[in-house]
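# A look at the structure
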Amino acid sequence: VKNGDPIRIDARSDKRTIDLLISDEEWEKRRKEWSPPPLRATQGTLYKYIQSVATASEGCVTDESNKSSGTQNQASSKTPAVAELEAKIAELESKLGINA
């Protein structure tokens with residue numbers, strides 16, 4: 001969200017939404033230009049936490065790593081909500097015959 005972007009807030013108990021009212025073209029432009037910010041830590045305890053913690057929607061747990069296989073958990077670059085949204089967009093683009 002950028003300064004000056006119009007938004008619509010629907011606080012009714014059955015809705016509870018916040019919508020960003022920008023064009024599809026602007027969404028696509030921003031999506032293409034966006035890149036994830038760098039990690040705030042590259043060493044030490046905070047870095048170890050970043051590498052092992054689950055997403056907020058998964059409970060932010062750190063004690064469920066895959067120790068039996070010896071693999072190290074990596075911080076997720078996408079939340080489950082973002083991954084779900086991207087999958088839905090891909091599905092709709094497929095239905096519309098749009099090649100991304």
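Residues numbered from 1 in each chain as written. Predicted model: local features only at pLDDT ≥ 70, side-chain atom pairs only at ≥ 80, totals over all residues. Heavy atoms only, no water.

## Focus: the overall build of the protein chain
The following threshold applies: Each helix corresponds to a stretch of at least 4 residues labelled H or I by DSSP, and each strand to a stretch of at least 2 residues labelled E; elements are numbered beginning at the N terminus. Any residue under 20% of the maximum accessible area for its type is buried, any over 50% is exposed, and the rest in between are partly exposed; the area is computed with a 1.4 Å probe on protein chains only. The contact criterion used throughout is that any non-hydrogen atoms of two residues lie within 4.5 Å. What sets the accessible areas is the Shrake-Rupley method with a 1.4 Å probe; for residues, cover comes only from the shown protein chains.
Looking only at helices and strands, the protein chain has three helices and two strands in total. From first element to last, N terminus to C terminus, the protein chain shows the α and β order β-β-α-α-α. Taken over 100 residues, the protein chain has a buried fraction of 10%. Sequence-distant contacts in the protein chain: of pairs separated by 6 or more residues, those separated by 24 or more amount to 15%. Surface accessibility of the protein chain: about 8,800 Å² in total, with carbon and sulfur atoms responsible for 53%.

## Focus: the side chain of Asp10
Stated formally: Here a polar contact is taken to be a pair of N or O atoms separated by no more than 3.5 Å, where protein atoms must pair a possible hydrogen donor with a possible acceptor and residues adjacent in sequence count only if both atoms sit in side chains.
For Asp10, the position within the fold is in strand E1 (residues 7–10). For Asp10, the side chain forms a polar contact with the side chain of Arg12, separated by 2.5 Å.

## Points about the pattern of salt bridges
Once their charged atoms are close, side chains differing in charge can pair, the charge on each being opposite to the other. Put simply, the test is: Salt bridges are defined as contacts in which a side-chain nitrogen from Lys or Arg sits within 4 Å of a carboxyl oxygen from Asp or Glu.
Evaluation of the coordinates by the stated rule reveals eight salt bridges. Because the salt bridges share partners, they merge into one network encompassing Asp5, Glu26 and Arg30.

## Observations concerning the confidence of the model for the protein chain
The criterion, for reference: Residue-level confidence of the predictor, termed pLDDT, takes values from 0 up to 100.
Residues at a pLDDT of 70 or more form 81% of the protein chain, whose mean pLDDT is 81. Here helix H3 (residues 80–96) stands out as the least confident element of the protein chain, with mean pLDDT 83; E1 is the most confident, with 94. Confidence drops under a pLDDT of 50 for residues 66–71, and excluding neighbours within four residues, the segment shows two contacts in the predicted structure.

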